[in-house]
Every structure is written in structure tokens, then in C-alpha cells.
Number of protein chains: 2
Amino acid sequence: MKPTVHDIAAHAGVSLATVDRVLNGRAGVREVTRLRVEEAVTALGFVRDVAAANLAKGRVYTFTFILPANDNSFMIGLRAEVEQAARRASGERMAIRIVDVPAFDTGALVAALEDAQAGMPDGVAFVAIDAAEVRAAAENLLAAGIAVVTLVSDLGGTARTHYAGIDNIAAGRTAGMLTGRFLSGRAGPVLPLAGSLMVRDHRERLQGFSAVMTERFPERAILAPVEGRDDPATAERMVEEALAAHGDLCGIYSFGAGNRGLIRAIERLPTQMRPVVILHELTDVTRLALVADLIDAVLNQDAGHEVRSAIRVLKAAADGSKVVEAQERIRIDIFLKDNLP
Amino acid sequence: MKPTVHDIAAHAGVSLATVDRVLNGRAGVREVTRLRVEEAVTALGFVRDVAAANLAKGRVYTFTFILPANDNSFMIGLRAEVEQAARRASGERMAIRIVDVPAFDTGALVAALEDAQAGMPDGVAFVAIDAAEVRAAAENLLAAGIAVVTLVSDLGGTARTHYAGIDNIAAGRTAGMLTGRFLSGRAGPVLPLAGSLMVRDHRERLQGFSAVMTERFPERAILAPVEGRDDPATAERMVEEALAAHGDLCGIYSFGAGNRGLIRAIERLPTQMRPVVILHELTDVTRLALVADLIDAVLNQDAGHEVRSAIRVLKAAADGSKVVEAQERIRIDIFLKDNLP
DNA sequence: CCAGATCTGAGGTACGTAAATCAAAATTTC
DNA sequence: GAAATTTTGATTTACGTACCTCAGATCTGG
């Protein structure tokens with residue numbers, strides 16, 4: 001059976017109180033005695049039962065999740081995942097507080113981070129905006145001994161404990177590869193459709209996409225990227241304009257939200273005129289479009305996985321344990337109509 | 001503060017014992033009383049503290065994993081994942097025993113299942129062979145109240161609690177779609193290369209592949225499937241023969257193991273003669289081949305995820321709790337060289 | 001050598017839940 | 001209607017660790 005503190009005490013020939021003093025680094029133990037206890041720990045392979053310890057301490061881990069009050073499907077889904085995780089977490093001595101901030105608002109995010117810090121939680125997870133002020137706020141959190149996990153969108157530098165999200169450059173590259181290969185034998189330019197090129201994820205996706213197109217498909221023309229502002233109506237207009245300007249447009253890589261508009265525009269085209277479309281995030285709308293052959297592939301990040309991973313990492317950071325690295329790597333899911341979940 | 005069983009008892013005006021009976025579904029509580037307790041649980045938002053519960057139960061879950069003593073990379077990796085999980089599990093009151101059986105040996109698997117049952121574990125996970133005797137053995141386990149999870153390869157029927165593996169038909173379909181699209185504009189037949197068509201997973205992959213090719217790419221010729229016996233040398237020879245017989249061979253879908261041989265055969269071909277190759281399982285060999293542009297895509301199932309999922313499901317079955325459905329769905333990972341982990 | 005400080009041991013309680021034991025009430029049986 | 005049986009409620013102990021108190025032991029310095 002697993003050894004307990006009692007076994008340690010017996011093996012070292014000391015009392016429970018002394019074992020406790022040694023284990024918890026309290027004063028009042030002679031060096032000789034301390035060594036004897038530590039030997040017993042090693043000899044028996046004692047590992048503190050964290051659950052029992054937390055129970056005794058009455059400790060509850062508190063984590064704060066700061067989420068943008070965005071109305072696109074992905075963010076709504078992410079929020080739902082956090083809420084669900086929060087419910088389950090409460091049974092595991094974790095209290096998760098959810099804080100909303102206006103989307104794309106650096107000031108509000110910084111304020112929320114400072115606010116969170118004031119509450120001295122064990123950890124904070126947030127969807128980062130890659131700005132110097134945010135980085136500074138994150139560094140403050142770290143300096144205060146609070147674990148920091150960026151969710152979905154990362155911060156530059158190392159002002160965080162962990163990033164729970166996909167590699168957006170790799171995602172862009174993957175989209176480029178799929179676009180290029182799916183288009184083999186078909187002539188015409190390709191349109192990159194961003195949400196906003198101000199946000200880091202979108203810039204990185206474009207960067208990866210452009211790199212692959214240049215390296216592997218140099219003959220293919222890439223149009224100047226346009227911004228759909230993560231808004232269906234704007235995206236729809238952008239696509240219409242591109243189609244009008246380039247009759248031979250044969251590919252679209254959409255790496256922002258607002259894909260409902262893009263899909264509407266595609267739907268109106270005669271089948272043989274439809275470009276190859278690769279876009280991000282599996283939602284009801286994009287799933288249906290994939291099934292209906294309106295689009296060709298969806299790159300996805302699993303919001304549930306990201307949230308669960310963030311929580312595991314925060315918890316591990318809080319009690320100084322290790323995580324299973326492979327489990328915390330967020331995959332870039334590629335969905336064709338045939339492998340939809 | 002979080003409500004405890006005491007709060008529930010007070011709020012419902014009953015004793016702790018009654019609350020306990022209701023929470024753990026034990027007999028001996030009048031319907032009216034049961035309802036009162038359940039109301040209190042809802043009203044106070046009570047969530048059972050799993051750590052305290054496990055502590056009190058002092059229960060150690062015992063699970064048996066039966067793995068084929070196969071020497072291919074995937075099975076070796078799977079085994080390593082089980083071993084790693086077993087180490088971590090011991091800190092969470094779970095004891096995992098690993099049992100080896102000869103690969104593809106129905107009798108040995110049945111014997112191992114019966115043997116496992118004799119030890120009365122809380123759950124058994126095994127890589128199934130889809131045979132009637134195995135199904136019967138699994139049903140015996142279930143009848144004895146032991147949770148049964150099939151790993152990687154499923155059983156027909158419902159003789160199991162859960163299947164921790166991918167949908168192989170969908171995987172085959174995905175491979176078909178990628179092959180067909182990557183080949184657009186290029187003429188020539190495609191070769192399906194199986195490990196063995198006697199095993200269910202391989203049959204299903206072929207079935208999915210063939211279905212998509214027929215539906216979506218009817219003009220493309222599909223050669224009769226050949227069996228590489230999961231052996232590199234055999235696979236290599238099969239590919240060589242196919243290349244000799246069909247000078248215009250332009251695609252290979254390999255859905256068994258032994259891909260080292262396939263890759264050797266491809267490597268010898270001049271670049272412009274190389275077929276589109278889609279295969280299964282990301283290993284050192286297939287990863288290198290992908291990076292070197294020798295193959296085009298790798299379909300993968302994450303062994304670590306499968307093992308962790310199997311354990312979560314077994315644990316949940318053992319103590320009658322629920323799992324996060326989405327977390328237990330094993331994805332078909334598609335890897336191009338650009339989204340390698 | 002004695003007072004004071006510093007170590008060590010023994011014992012207890014608490015955390016939140018599970019589960020066993022025991023007591024009381026309700027129901028059935030003869 | 002009393003005894004036997006079943007149902008329900010109350011109380012208590014245990015899990016492994018943290019942390020508290022108090023008493024005794026050992027070590028300081030004057």
C-alpha cells in the first residue's frame with residue numbers, strides 16, 4: 001500500500017508532529033532528525049496525498065478567466081466551455097470566476113487583469129491582446145506569484161506560464177498547403193480574408209499561409225488580404241467585391257470570424273464557379289456549409305480542450321506539480337466533410 | 001462557502017445518513033424524503049467533493065489493460081502511454097495492471113479476459129479482436145459488473161461500455177477524399193494497401209475509402225487491395241509489384257502498419273513519378289517521410305488520448321459518474337507537414 | 001547548576017464524505 | 001394486538017494530512 005505520514009514516522013522513529021514539521025518546512029527540528037525523516041521519505045517512496053492535504057488545509061484554488069464579450073460562435077462556445085468546466089471544477093476544490101471584458105479593448109483587458117490581481121487568485125487565464133500594456137500587466141501577475149495562461153490568443157515574449165491555443169503560423173501554413181493542393185490544375189488568384197490584421201492570431205495565420213504559397217505554389221497569385229472585421233455583413237461584401245474584381249477567383253482562405261457572410265456569398269455562385277474555401281472554426285454554420293460542399297475544409301481549435309488544458313496547467317502551477325506535456329498541446333484540427341465529429 | 005452534506009441535511013431537515021443514502025443511490029429512503037434531499041441539493045447548489053469522497057472511500061480502483069505484444073511503432077507507443085498513465089494513476093487511487101497477449105490470437109485474448117475477470121478488477125480495457133468468443137468473454141465481464149472499454153479496435157455489437165478509438169470508416173473516407181482531391185488532374189489508378197483484411201479496422205478503412213472514391217471520384221480506378229501483413233518487407237514488395245504492374249500508379253492509401261517498407265519503395269522512385277501517399281499513424285518514420293515530401297498526409301489516432309480517455313471512462317463507470325462526452329471522442333488527426341506536432 | 005530557550009513527542013481536532021452500527025418508527029405477519 | 005420484519009433516522013468512525021496545544025526532554029548561557 002502507499003506509505004502515509006504514519007509509516008514515515010514509524011520508519012524514522014519519530015512522532016507524527018516531527019514528520020509534519022519536516023514535510024512542511026516548519027522550524028523546530030534538529031538537523032539530524034530532519035535527515036532521518038528525509039531518508040525515510042526516500043526509502044519508502046512517500047508522496048504526499050495532495051487531495052487529503054488540500055482537504056485538511058481547506059484550500060480552494062481560485063482561478064479567474066477573462067473572456068472577451070464577443071458575439072461570434074467561437075467565443076460563445078468558449079464561454080460555454082468555461083462555464084461547464086467551472087461547474088465540474090467546483091467539485092475538485094477549484095473556484096473559477098468568469099470576467100467579461102469588451103472585445104479588442106486593450107485598456108479594459110489591462111484593467112481586468114489588474115482587478116483580478118487584486119483578488120489574489122491562484123491563476124488567471126485570458127484571451128490575450130498582444131500589446132505592451134497587457135504584457136506588463138501579465139508580468140505583474142507573474143511577479144505576484146499568480147500563474148498566467150493565455151487562451152486562444154498568445155502574448156509575445158514569455159510573460160505567461162503557458163499558452164493554451166494553437167500555433168497560428170502552422171495553421172496558416174496548413175491552410176496554404178490544402179488550398180494549393182486542392183487547386184492543382186485550376187488557374188486564378190486566391191483571396192485571404194482576415195477578421196482584423198491588428199490581432200496577432202490573424203496576422204500569424206496570414207503569415208503562414210503566404211509563406212507556404214510562396215514556397216510551394218509560386219505561380220499562384222495571392223490577392224491583397226481584406227478585412228471582414230469578424231462581421232458577416234462586411235465579410236460578405238468583401239467577398240462580393242473580390243469576386244466582381246476577379247472573375248477567375250478560385251480560392252479563399254478566411255481566417256477570421258463572420259463566416260456566415262462568406263458562405264452566403266459562395267452559395268449564390270453557380271457550382272462550377274465556386275472557389276476552394278478553407279476557413280477557421282467549426283460552428284453550426286461552417287459545419288452545414290462543409291456538408292453541403294460549399295466549403296472544402298475547416299481548421300478548428302477545440303475550445304473545450306483549450307479550457308480544460310488551461311485549468312489543468314493552472315492547477316499544476318498552483319501546486320507545483322507537472323503536467324503531461326502531450327496532453328496540453330492544442331492540435332490544429334482539420335475537418336473535411338468525412339471526418340466531422 | 002461551498003455547501004457540504006451537513007448543510008444539505010440541515011436544509012432538508014434529515015440526518016446525514018439519509019443524505020448519504022440519497023447521494024449514493026442506496027436503498028432505505030422514502031420517496032418523499034428523497035425528493036426533499038434532492039431539492040436541498042439543487043437549492044444549495046451542492047457538488048460532492050470528490051477528493052474527500054475518495055479519501056473516505058479509501059477505495060483503490062483496479063483496472064486491467066490487455067495489450068497485444070505487437071512490435072510495430074504504434075503498439076509500442078500505446079504501451080508506453082499505458083505505462084506512463086499507470087504511474088500517474090497510482091497517485092489517484094488507481095492501480096493499473098498491464099497484461100500482454102500475442103497479437104491476433106483470439107484464444108489468447110479470451111484467456112486473458114477470463115483471467116482478468118477472475119481478479120475482479122473494476123474495469124478492463126483491451127484491444128479487441130472482433131470474434132464471437134471475444135464478444136462472449138466481454139459480455140461475461142459486463143455481467144460480472146466489470147466495466148469494459150475497447151481500445152483502438154472495437155467489438156461489434158454492444159458488448160462493451162465504451163470504445164476508445166477512432167471511427168475507421170470515417171478515417172477511410174477522409175483518406176479517400178484527400179487522395180481524390182490531391183490527385184485532381186493526374187491520371188492513373190490508386191492502390192489500397194492493407195495490413196490484413198481479416199481485422200475489422202482495416203476492413204472498415206477500406207470500406208470508407210472505397211465508398212468515397214466511388215461516390216466522388218468515379219473515374220478513378222481503384223486497384224484490388226493488397227495485404228502487407230503489417231510487415232515492412234512484405235509491404236515493400238507489394239508496392240514494388242504494383243508499381244511494376246501499373247506504370248501510371250498515382251496514389252497509395254496504406255491503412256496498416258509496416259509503412260517503413262512502403263516509404264523505402266517510394267524513396268527509390270524519381271520525384272515526378274511519386275504517387276500521392278496517405279497512410280496511418282504518425283511515427284518517427286512517417287514523420288520524417290512527411291517532412292521529406294515522400295508522403296502527403298498521415299492520419300493519426302492519438303494513443304495517449306485514447307489511453308487517458310479509457311481510464312477516465314473506466315473510472316466514471318466504476319463510480320457511476322458521468323464523463324464529458326466531447327472529451328472522450330477520439331479524433332481522426334490529419335497531419336500535413338505543416339501542422340506536425 | 002539553574003533559568004531560559006530550543007527541540008521533540010503525544011495527543012487532539014478539523015477538513016468533507018462514506019459507511020457501519022445502532023435506535024426508532026412504520027409496516028407486515030400470525 | 002404482540003412479535004417479527006422492514007424502513008428510516010441518528011450517531012459514530014475512518015480516510016490522510018495539516019495544524020494546534022501542551023508537556024517533557026535537551027540544549028544554551030551565565
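Residues numbered from 1 in each chain as written. Chains lettered and ligands numbered in written order. Predicted model: local features only at pLDDT ≥ 70, side-chain atom pairs only at ≥ 80, totals over all residues. Heavy atoms only, no water.

### Some thoughts on the relation of the copies chain B and chain A
- With an RMSD of 1.8 Å, chain B superimposes on chain A once it is rotated by 180 degrees and translated 1.1 Å along the axis. Each copy turns onto its partner about a two-fold axis. Considering only C-alpha atoms, the residue of chain B closest to the rotation axis is Ala 51 of chain B, which sits at 1.7 Å.
- A share of 91% of the interface residues of chain B reappears at the interface of chain A, consistent with the copies meeting face to face through the same patch. (Least-squares fit on C-alpha atoms with pLDDT ≥ 70 in both. Contact = heavy atoms within 4.5 Å.)

### A word on the environment of Ile 263 of chain A
Residues and elements named next belong to chain A.
- Note on placement: Ile 263 falls in helix α11 (residues 259-267).
- Residue Ile 263 is classed as buried on the basis of its relative accessible area of 6%.
- Measuring from C-alpha to C-alpha, the distance between Ile 263 and Asn 24 comes to 60 Å, with 239 residues separating the pair along the chain. (Helix = DSSP H or I, 4+ residues; strand = E, 2+ residues; numbered from the N terminus. Buried < 20%, exposed > 50% of the residue type's maximum accessible area, 1.4 Å probe, protein only.)

### Some details on the domain arrangement of chain A
Residues and elements named next belong to chain A.
- Segmenting chain A into domains produces domain 1 (5-48), domain 2 (57-165 + 303-329) and domain 3 (168-300).
- One C-alpha centre belongs to domain 2, the other to domain 3; they are set 30 Å apart.
- The partner domain 3 presents nine residues to the eleven residues of domain 2 that form the contact.
- Of the roughly 710 Å² buried between domain 2 and domain 3, counting both surfaces, carbon and sulfur atoms make up 53%.
- Contact with domain 3 buries area across many residues of domain 2, yet Phe 74, Phe 104 and Asp 130 alone supply 44% of it, more than any other trio.
- If you look at where domain 2 meets domain 3, you find one salt bridge.
- The salt bridge involving Asp 130 is made with Arg 200; its shortest N-O contact spans 2.6 Å.
- At the junction of domain 2 and domain 3, the tally comes to two residue pairs in polar contact (both at pLDDT 80 or more).
- Class assignment for the residues of the side of domain 2 that touches domain 3 results in five nonpolar, four polar and two charged. (Domains from an automatic or database assignment. Buried area = accessible area lost by both parts, 1.4 Å probe. Salt bridge = Lys/Arg side-chain N within 4 Å of Asp/Glu carboxyl O. Polar contact = N/O pair within 3.5 Å; in protein donor to acceptor, adjacent residues only side chain to side chain. Nonpolar A, V, L, I, M, F, W, Y, C, P; charged D, E, K, R; others polar.)

### Focus on the protein's contact with DNA strand C
- Around DNA strand C, a shell composed of 26 residues is seen, among which Thr 18, Val 29, Arg 30 and Thr 33 of chain A together with Ala 56 of chain B lie nearest.
- Counting only atoms of DNA strand C within 4 Å of the protein, the sugar-phosphate share comes to 69%.
- In this structure, a phosphate oxygen belonging to DNA strand C sits 3.4 Å away from a main-chain N or O atom of Ser 15 of chain A.
- Asn 24 of chain B is positioned with one of its side-chain polar atoms (N or O) 3.2 Å from a phosphate oxygen of DNA strand C. (Near = heavy atom within 4 Å.)

### Comments concerning the interface of chain B and chain A
- Each partner contributes residues to the interface: chain B has 43 residues there, and chain A has 41 residues.
- When the buried area of chain B at its contact with chain A is split by residue, Arg 181, Arg 331 and Asp 338 of chain B rank highest and sum to 20% of it.
- The interface formed by chain B and chain A includes twelve salt bridges.
- At the junction of chain B and chain A, the tally comes to 15 residue pairs in polar contact (both at pLDDT 80 or more).

### Points about the sheet that holds strand β6 (residues 190-194) of chain A
All names here are of chain A.
- Pairing is mixed in the open sheet, where six strands are placed in the order β7-β6-β8-β9-β10-β11. Sheet topology places β7 (226-227) and β11 (333-335) at the edges, where each strand pairs with a single neighbour.
- By the bridge criterion, four bridges tie β6 to strand β8 (residues 251-254) in an arrangement that is parallel. From the neighbouring strand, Val 190 faces β8, where its bridge partner is Gly 251.
- With respect to the sheet, helix α9 (residues 200-216) is in contact with β6, β8 and β9 (276-280), its orientation differing from that of β6 by roughly 165 degrees.
- In the packing of α11 onto the sheet, contacts are made with β6, β8 and β9, and the angle to β9 comes to roughly 165 degrees. (Pairing = 2+ DSSP bridges. Axes fitted to C-alpha atoms, helices over the stretch in contact; angles between N-to-C directions.)

### Quick word on the side chain of Glu 281 of chain B
Residue and element names in this part refer to chain B.
- Tracing the backbone through its elements, the reader meets Glu 281 in the loop between β9 (276-280) and α12 (284-291).
- A relative accessible area of 12% means that Glu 281 is categorised as buried.
- Polar contacts involving the side chain of Glu 281 include one to the side chain of Gln 301, which spans 3.0 Å.
- Once you skip the residues sitting within four places of it in the chain, Glu 281 turns out to touch Phe 74, Arg 205, Thr 286, Val 298, Leu 299, Asn 300 and Gln 301.

### Some remarks on the pairing of β9 of chain A
Residue and element names in this part refer to chain A.
- Along β9, five of the five residues are buried, which leaves the element largely enclosed by surrounding structure.
- The alternating pattern of β9 places Val 276, Ile 278 and His 280 and Val 277 and Leu 279 on opposite faces, both of which are buried.
- Bridge count for β8 against β9 is four bridges, and the pairing is parallel. By the bridge assignment, Ser 254 is partnered in β9 with Leu 279.
- As a crossover connection, the stretch from β8 through α11 into β9 is right-handed.
- Alignment of β9 against strand β10 (residues 297-300), held across three bridges, turns out to be parallel. Bridge assignment links His 280 to a residue of β10, and that residue is Leu 299. (Right-handed = clockwise from strand over helix to strand, strands pointing away.)

### Some details on the environment of Val 101 of chain A
Residue and element names in this part refer to chain A.
- Checked against the element boundaries, Val 101 lands in strand β2 (residues 94-101).
- Note: C-alpha distance between Val 101 and Thr 179 (78 residues apart in sequence) is 35 Å.
- Apart from the residues lying within four places of it in its own chain, the contact partners of Val 101 are Ile 66, Leu 67, Pro 68, Ala 69, Ala 108, Leu 109 and Ala 112.

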